[in-house]
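Tertiary structure, described
Residue strings, one per chain:
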Amino acid sequence: MSKQFLFDGRPVRFEEGQTILQAARAAGHYIPHLCWHPDFPPHGSCKLCIVKVAGRHVSSCALPAKEGMEVESNTPEINGERRALVQMLFVEGNHFCPSCEKSGNCELQALAYDLEMMGERFAHFFPDRPVDASHPEMLLDFNRCIFCELCVRASREVDGKSVFALTGRGIHKHLVVNAESGRLGDTDFSADDMAANICPVGVIVRKRVGFATPIGARKYDDKPIHLVDMEDGK
Amino acid sequence: MKSHEVPPTPVGRIVDRHGRHANRLLQVLIEVQDDSGWLSPAVITEIARELSIPRSRVEGVAGFYQFLHTRPVGRYHLLFADNITERMQGSAELMAALCSKLWVEPGKVSEDGLVSIDTTSCIGMGDQGPALLVNGRPLTRLSHQRVNQIAELVRRETPIEQWPAEFFRVDDNIHRRDALLGLDMAPGAALRAAIGAGRAAWMTQLEASNLRGRGGAGFTTAVKWMACRDAAGADKVVVCNADEGEPGTFKDRVLLNSMADAVFEGMTLAAWAVGASEGYLYLRGEYRYLLPALQDTLALRRAQNLLGRGILGEAGFDFDIDIHLGAGAYVCGEETALLESLEGKRGTPRIRPPFPVTHGYLGRPTVVNNVETLAKTCLIALHGGEAFAATGTAQSTGTKLLSISGDCAHPGIYEYPFGVAVERVLEDCGASDIQAVQVGGAAGVTLAGYEFHRRIAFEDVPTAGAFMVFDSSRDLFDVARNFVDFFAHESCGFCTPCRIGTALLKKAMTKLAEGHGAKMDLADIEWINRLLRNASHCGLGAAAANPVVDTLLKFRPTYEQRLKSLDFEPAFDLDAALAAARRASGRDDAAAHLADRAPGS
Amino acid sequence: MSTPRPKVRIATTSLAGCFGCHMSFLDIDELLFDLVEVAEFDRSPLTDIKHCGPCDIGLIEGGVCNAENVHVLREFRHNCKTLIAVGACAINGGLPAQRNHLELESCLREVYQSRAGLGQGGVPDDPELPLLLDKVRPIHELVRIDYFIPGCPPSGEAIWKFLSDLIAGRTPRLSYPMMRFD
């Protein structure tokens, strides 16, 4: 017999070894996330998936579910903190949605909508970050990086290429590519790589196809991410 | 080993020496840099090729550690310790003086490549500061006279080996000895006792001692060791955490300098208890000067059959110790970040659970203990657990080493039974007219005068050992700001709240310091603190706002006096933001400036 | 019988913006008639009143790119009980802020001095011209902002919903389709 815990007051069954987030999703409950992906082990860096268990905040993507746990997730308190984390990400990079080809399909933006991030709270860093257009098919716009490391993990673990890595630390942490020149065009990166198709924001984008989908037909135009993400089976 | 058709390059030789193992990457980077001065893009490519790992991984690691340079530094690279206690001793003025004498800007390299000067976090010399690192070697007791001499030596390009030995003198400064510092133990005595008693009995003694970790968290050592002993998997590992990075702490420096045998013996006692065969001492880069003596001690212990195969004739008790160097990253004091670093990776804390006792170094069951904790196990092996538990308090048995610095007559090391009152410590170290004590380092607690009756113990004021004293002439805002800068500098950047929150805190404190603050900024600080505390991945982020929150509570006027208005002030200096346009247009009329405040508001 | 509520006084302006938000505001079409039943306008491109008097609501479009924007924003903050950032540029600097990674001084010299064919050109120094800030800033970094209406531009519907909530005394909320950053 499977065990169960309480998720926002509702019983959720789980198998031994499942994390809170996995079990909640399997039961149809969405928990916001940016760095979590079903094909990879938990990463635990974005902290959007924080929930409260027995009065303590934990990362639901990483913490194994336990019998009888009481998990609070969709509460004004937790959502307020998640909104603030998204606000932090918005001031850290240069996120100008109107001129971004990922707009409407961007998970960061969609989470901001869903968490009702009407405006900003903090002062902008306006960092000076480059754009790398050296690859024939793909473009890198580092201005939009949120350091989820999905491209790093996909390239290393699935594509077997390690095209991407993070270097630096703290607020100076940044993404680099696997080439002495520092240019994507000098790596073995391919548009077919999993890493080319996993960026939740607009850092790794395909050339010549931007803005192809009209406003209104994009992924998150009609439905919030908490519905879209669950339909995806992702 | 790979055979070379052509003679190996210097990089190739270093990689060979490390068995071409990728988990030696950090050690390889340190040694290659010793050789080449900095890690150029070409050198990074070569290291990647020699180790057969992706270049991106090497670049990722090289960019993480402060003492690894992916851009050139001067042939003389001087790093002034920037902890608040050294600031109070005038380190900033001394650094400015040296910069001007050598015609170099802080953080830049002189045009001839001769010298570069910058700051670094606390280097564990708080009792004999101000101090700096010159090409990695600590230089203590800086004064203007000494700075003049340094400038001259650098200008003449005198090799550092020929600088006056007195410059590099590091004293133990032990002012109060108790059980541990009073111990006069022949190497191997504790180990003989434990082996004589038998493995199970040794663990029982440790349990009876109720020894708790001295690194700050206070986890019960016996529980940790038993979990590792009982964990599935062979090849267990014992790690000594000598990454003593908490600002104001330097007790491990003294133990490693004067009681290295006890530390290594403690590691061996742990190995005996859990059944480990490999040991690592993770030595912070700042203490690299201790490495040769530590290696000598290890060699001696091997010769005495206290390490190696069949230790003290006990068949099957095989254990040896290797020393790994850190390279300037406070976060590596967090045990899972330390393990990552030990594996030659970026020092990013891991997700827990699983804990190191089951999944540690290279996924093997691993005990990670602090230097002082391990040294103290010798006392337990020699005199028994009950004798150990007879001192201290109910939940904090034994003694604690305090590293005392700041405003007192006798900074240095003091060993007290747990439970000692803060006021007693202040009296002993010759401190008077004191307004605050920072116990536990930047991540610790700021105690105001009305709290000096409180006791050093896990039940009251826990500490890894830092005890920084501030007399009434000090401004506690400056103290908090120094710690905020420290956390922003040391954040590994892994999780959102810490990476961005520590940088935002730094901005807020700078704004207040520059006289542009408003009440709204204090509210922002409190909100950022909540996010750091609740959502951070590890203790660094969770504690990053502690000094601000504590001083806001206990020394609020020092913040309020800095406020420009009660409501709101711009996030940046408005008039300064027009400076570039003024220069370009050559204007300086009234309309080319912005007043601080709107007229009439 | 209750006395009719006094009309809400609204001021609007566009700083470093494109007036797109104002155009979107006008897109509420016939609802403008409903609006003027309950509101009247102070300083605004719609009235051509040059300076703002005491108001209930100020709507700010655009970020802050020059000294004049600072003066106008301060005038609004000083006079408006409730100040609202309207649109992407007011909220995060928007398109104009994409110059922020360029160094202003070299940019001005490039445009007015060093480019070939400029002859006797020089960076204009007329005191009538407002000087540029080194970076374009969102307005919440200069004054306290009470509310934000996102969008580039926010739809007329979103602006109307927001204002009608505000005037009716409800904390304004936008439905999902009205929440847009583009």
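Residues numbered from 1 in each chain as written. Chains lettered and ligands numbered in written order. Predicted model: local features only at pLDDT ≥ 70, side-chain atom pairs only at ≥ 80, totals over all residues.

Some thoughts on the overall build of chain B
- Counting its regular elements, chain B contains 25 helices and 16 strands.
- The proportion of buried residues among the 601 residues of chain B is 56%.
- Of the contacts formed within chain B by residues at least 6 apart in sequence, a portion of 71% connects residues at least 24 apart. (Helix = DSSP H or I, 4+ residues; strand = E, 2+ residues; numbered from the N terminus. Buried ≥ 20, exposed ≤ 12 C-beta atoms within 10 Å, placed from the backbone. Contact = placed C-beta atoms within 7 Å.)

Some thoughts on the domain arrangement of chain A
Residue and element names in this part refer to chain A.
- When its domains are assigned, chain A resolves into domain 1 (3–74) and domain 2 (94–230).
- Averaged C-alpha coordinates put domain 1 and domain 2 at centres separated by 25 Å.
- Taken together, the 11 residues of domain 1 in the interface contact 13 residues of domain 2.
- By residue class, the composition of the side of domain 1 that touches domain 2 is seven nonpolar, four polar and no charged. (Domains from an automatic or database assignment. Nonpolar A, V, L, I, M, F, W, Y, C, P; charged D, E, K, R; others polar.)

Brief notes about the interface of chain B and chain A
- Between chain B and chain A, the residue contacts involve 33 residues of the former and 31 residues of the latter.
- Elements supplying a minimum of two residues to the side of chain B that touches chain A: helix 3 (41–51), helix 4 (55–62), helix 18 (476–490), helix 19 (496–513) and helix 20 (519–535) of chain B.
- Among the elements that make up the side of chain B that touches chain A, the one with the highest residue count is helix 19 of chain B (nine residues).
- Looking at the side of chain B that touches chain A residue by residue, the class counts come to 16 nonpolar, 12 polar and five charged.

Focus: the domain arrangement of chain B
Residue and element names in this part refer to chain B.
- What the domain assignment reports for chain B is domain 1 (10–62), domain 2 (77–171), domain 3 (175–389), domain 4 (399–474), domain 5 (477–565) and domain 6 (574–601).
- Once you take the C-alpha centre of each, domain 3 and domain 5 turn out to be 35 Å apart.
- Domain 3 puts eight residues into the contact, and the matching count from domain 5 is eight residues.

A short note on unusual backbone geometry
Residues and elements named next belong to chain B.
- Residue Pro-130 is reached from Gly-129 by a cis peptide bond, and omega for that bond is -5°.
- Secondary-structure assignment places Pro-130 in the loop between strand 2 (115–120) and strand 3 (132–134).
- At the junction of Arg-352 and Pro-353, the peptide bond is cis and its omega measures out at -5° in the coordinates.
- Summarising the element assignment, Pro-353 is placed in the loop between helix 14 (335–342) and strand 9 (366–370).

As for the pairing of strand 2 (residues 10–14) of chain A
- Here strand 1 (residues 3–7) of chain A pairs with strand 2 of chain A via five bridges, running antiparallel. Of the residues in strand 2 of chain A, the one forming a bridge with Lys-3 of chain A is Phe-14 of chain A. (Pairing = 2+ DSSP bridges.)

Examining the packing of helix 1 (residues 10–17) of chain B against helix 2 (residues 25–36) of chain B
All names here are of chain B.
- It is the contact of helix 1 with helix 2, at a shortest axis distance of 10 Å, that shows an interaxial angle of 145°. Crossing of helix 1 against helix 2: the hand is right-handed. Residues Pro-10, Val-11, Ile-14 and Val-15 of helix 1 form the contact with helix 2, whose participating residues are Val-28, Glu-31, Val-32 and Asp-35.
- A class-by-class count of the residues in the contact of helix 1 with helix 2 yields six nonpolar, no polar and two charged. (Axes fitted to C-alpha atoms, helices over the stretch in contact; angles between N-to-C directions. Left-handed = near helix turned anticlockwise from the far one by under 90°.)

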